[in-house]
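The lines below spell out each chain.
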Amino acid sequence: MEGQLVTERLSKRYGSSGMALQDVSLSAPSSGIFALIGRNGAGKTTLVRILATELAPTSGRAWINGIDVVADDKRLRERIAIVPQEARTVAWMTPRQSTLTYLMWRGFPYGEAKRRADESLGRLRLDRFADRLNRTLSGGTKRKALAAMVLASEADIVFLDEPTTGLDPVSRREFWEILRELAKDRFIFLTTHYLEEAEQLADTLGVLGRGRLVAVGSVPSIRGRTRYQYSVKIPAGARVPEVSHGEVTTGKGGEVQILTDEDEAFAISRKLSVGGSRFSVSPVSLDDIFFQLVGEPTQEDAEAAQAPEGAT
Amino acid sequence: MRRSHASQLLASILVNAVYEMKNYPINLVNTVISPISFLLVIDFVSRGALIGQAIEGGLIMSMFQSGMSLQGDISHLKNDFKLQDMLVSSPASPSVYVLGMAASEVIYNIPALAVLVALGALYIHPGAIAALELTAALLLMFLTSITLGFMFATLSSDIVQSFAWSRLLTTIFTAITPVYYPITYIPLPFRYLAYLSPTTYIAELMQNTAGYLRLSAGAVATDWAVVVGLTLGLLVVVSRNARWKES
């Protein structure tokens with residue numbers, strides 16, 4: 001199982017509050033970037049915490065590169081690093097001190113830790129912030145400082161739980177570059193709320209819905225397995241032709257979206273062209289796939305999407 | 001890869017003592033001022049008669065405060081910064097982490113201890129044996145409070161409550177109980193309540209060593225037995241209940 005992340009009927013129950021994870025079984029390469037998406041409360045963080053040996057599952061097993069996550073957690077910890085969902089850099093320290101001490105906690109001697117910390121901060125272009133107090137840094141720089149800590153380590157398996165939540169679009173894109181850099185010689189397992197992020201970064205994608213794994217595979221392969229592969233968008237006010245099969249939804253602004261297969265998308269396009277209507281046709285986006293697999297967003301999701309940094 | 005335990009120990013000391021003292025010196029002033037301000041009040045009120053007891057009280061408070069601070073500091077790093085989660089998913093050793101954090105609390109208290117030891121040398125001037133006895137009592141005090149602190153830290157998920165508990169326990173165990181003054185000052189019916197606190201036994205032992213209190217050999221043995229027994233009991237409870245990772 002070297003080179004593979006495997007879970008077998010992994011489940012987790014928190015007290016009497018029900019199952020957070022139910023019979024999650026998957027097999028995926030443990031290389032590149034694995035992105036896990038799902039609604040709030042879908043079980044993403046629970047799965048990450050189990051794989052990162054922070055939390056014991058209620059039942060089931062998991063292996064990364066053949067190492068049993070539960071039975072052989074000590075051996076796995078030699079190879080892993082994590083930036084948890086709400087991790088923050090310690091306020092009274094600088095990025096250089098944070099990275100240095102993290103490496104020392106991992107057991108690097110002071111000199112080696114210092115050399116690695118300097119190198120990592122340089123790679124992430126954090127040199128000019130390296131000696132400023134963490135509490136004076138912007139949100140994006142703090143996230144980069146956390147990434148510098150794990151990048152500096154010898155870990156070849158890195159877990160990042162919603163690493164870009166709350167970052168502005170520019171910082172988020174800068175962070176994607178860091179993740180691509182990290183993934184060159186490491187396996188990155190990340191969770192995200194941002195479907196665009198998953199689409200941009202993921203070599204393998206996992207979709208969780210209510211604690212169950214709904215889909216796993218590359219983005220094109222998941223797209224191929226969904227019921228409808230095409231999306232036709234018609235502006236508000238335009239006449240919507242009859243749809244023989246597909247899903248028709250109307251957005252807030254009145255825009256109509258039809259999810260359907262290739263033949264029906266072609267037929268609808270022909271009708272709209274003949275009628276002189278404006279429209280667009282495209283393969284379904286990850287957003288469309290996600291909602292087909294998991295369902296419409298709930299009120300809780302909508303509120304969470306507007307919540308400040310760190311909220312889940 | 002060969003991992004250095006010395007390096008892991010030093011990391012805790014750097015994070016929780018050296019860098020914090022360097023970057024937030026006001027915390028250091030606060031740590032020094034609490035035991036010394038009590039000492040001054042007792043000295044003024046007793047017109048110098050209780051200076052020796054007050055110095056010993058300051059040493060006990062300082063050591064107890066160190067242990068209790070461990071509770072707040074571990075909770076702070078665990079809950080606010082998620083540092084413990086980062087360390088659980090790494091080769092960091094839990095026992096070395098806790099040992100390093102405990103050492104960092106003593107280092108953080110070195111300025112206060114230095115002032116109190118200097119005052120002790122001036123006003124109590126113990127002999128070598130007495131100094132050893134006083135040191136042993138203080139180390140036992142530290143071990144008890146550090147165990148208590150660690151137990152509370154593993155149970156706590158709210159930093160505001162952690163710091164409140166830390167302050168409350170320090171006040172109850174070192175300011176209200178007869179640590180800065182002789183137990184004979186407490187009216188008899190309430191004196192028995194004082195014996196619910198481990199600091200009372202430590203204070204009795206230290207006051208006896210310095211000659212401020214005359215205890216029988218049996219009473220001394222009982223005091224040592226109570227404190228050692230309590231510490232061992234707490235160590236057993238902590239080792240059973242402390243949580244490095246969640247189950």
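See the structure shown above.
Residues numbered from 1 in each chain as written. Chains lettered and ligands numbered in written order. Predicted model: local features only at pLDDT ≥ 70, side-chain atom pairs only at ≥ 80, totals over all residues. Heavy atoms only, no water.

Chemist: How would you sum up helix H11 (residues 217-241) of chain B? Please name residues and give values.
Modeler: Between the first and last C-alpha of H11(B) there are 36 Å, a value that for 25 residues agrees with the 36 Å anticipated at 1.5 Å per step. The set of residues buried in H11(B) consists of Val220(B), Asp223(B), Val227(B), Thr231(B), Leu234(B) and Val238(B). (Helix = DSSP H or I, 4+ residues; strand = E, 2+ residues; numbered from the N terminus. Expected span 1.5 Å × (residues − 1). Buried < 20%, exposed > 50% of the residue type's maximum accessible area, 1.4 Å probe, protein only.)

Chemist: Can you lay out the pattern of salt bridges for me, pointing to particular residues and giving the numbers?
Modeler: All names here are of chain A. For the structure on display, the rule yields 24 salt bridges over all chains. For Arg 79, the salt bridge identified is with Asp 156, shortest N-O distance 2.9 Å. Here Arg 79, found in the loop between helix H2 (73-77) and strand S6 (80-83), pairs with Asp 156, found in the loop between helix H5 (139-152) and strand S7 (157-161); they are 77 residues apart in sequence, far enough to count as distant. A relative accessible area of 26% places Asp 156 in the partly exposed class. Ionic pairing is found between Lys 144 and Glu 174, a salt bridge with its closest N-O pair at 2.8 Å. (Salt bridge = Lys/Arg side-chain N within 4 Å of Asp/Glu carboxyl O.)

Chemist: I'd like to hear about the nonpolar core, residue by residue, with values.
Modeler: Counting residues in each nonpolar core, the largest one holds 121 residues, and the members touching the most others are Leu205(A) and Leu77(B). Broken down by element, this core gets its largest block of residues, 12 residues, from helix H3 (residues 51-80) of chain B. Among all residues touching Leu77(B), those that are not within four sequence positions of it are Val90(A), Trp92(A), Val15(B), Asn16(B), Lys82(B), Leu83(B), Gln84(B), Tyr97(B) and Met101(B). Membership of the second largest hydrophobic core comes to 27 residues, among which are Leu36(A), Ile50(A), Phe187(A) and Leu208(A). (Core = buried A, V, L, I, M, F, W, Y, C linked by side-chain atoms within 4.5 Å. Contact = heavy atoms within 4.5 Å.)

Chemist: Got a sec to walk through the packing of aromatic side chains? Specific residues and values, please.
Modeler: Each pair of aromatic rings is reported with the distance of its centres and the angle of its planes. All names here are of chain A. Summed over the entire model, instances satisfying the criterion amount to 10 aromatic pairs over all chains. Between Phe 159 and Phe 189, the ring centres sit 5.7 Å apart and the planes meet at 50°, which makes this aromatic pair tilted. Here the residue Phe 159 occupies a position in strand S7, and Phe 189 occupies one in strand S8 (residues 187-192), the gap between them amounting to 30 residues. Note on Phe 187 and Phe 189: the rings are 6.5 Å apart at their centroids and 85° apart in plane angle, and the pair reads as edge-to-face. The exposure classification of Phe 187 matches that of Phe 189, with both residues buried. Within the aromatic cluster, the residues linked to one another by ring pairs are Phe 34, Phe 159, Phe 187 and Phe 189. (Phe/Tyr/Trp six-rings, centres within 6.5 Å; stacked < 30°, edge-to-face > 60°.)

Chemist: Quick rundown of the sheet that holds strand S2 (residues 19-29) of chain A? Include the residues and the values.
Modeler: Residues and elements named next belong to chain A. Read from one edge of the open sheet, four strands run S2-S1-S4-S5, paired in antiparallel fashion. Sheet topology places S2 and strand S5 (67-68) at the edges, where each strand pairs with a single neighbour. Here two bridges tie strand S4 (residues 59-64) to S5, and the two strands are oriented antiparallel to one another. Across the sheet, residue Ile 64 finds its bridge partner in S5, namely Ile 67. In this fold helix H1 (residues 44-51) packs onto strand S1 (4-13), S2 and S4, with an angle of close to 120° to the strand it touches most, S1. (Pairing = 2+ DSSP bridges. Axes fitted to C-alpha atoms, helices over the stretch in contact; angles between N-to-C directions.)

Chemist: Tell me what's going on with H3(B), and back it up with residues and numbers.
Modeler: All names here are of chain B. For H3, with 30 residues, the first-to-last C-alpha span of 41 Å sits near the 44 Å given by 1.5 Å per residue. With 29 of 30 residues buried, H3 lies mostly within the body of the structure. Looking one or two residues beyond H3, the residue adopting positive phi is Lys 82, at roughly 60°.

Chemist: Got a sec to walk through the side chain of Ser89(B)? Specific residues and values, please.
Modeler: Checked against the element boundaries, Ser89(B) lands in the loop between helix H4 (83-88) and helix H5 (94-108). Polar side-chain contacts of Ser89(B) include one of 2.6 Å to the backbone oxygen of Ala52(A). Every residue in contact with Ser89(B), bar those within four places of it in the chain, is listed here: Ala52(A), Thr53(A), Glu54(A), Arg77(A), Ile80(A), Ala81(A), Ile82(A) and Arg106(A). (Polar contact = N/O pair within 3.5 Å; in protein donor to acceptor, adjacent residues only side chain to side chain.)

Nothing here speaks to function; it is all geometry.
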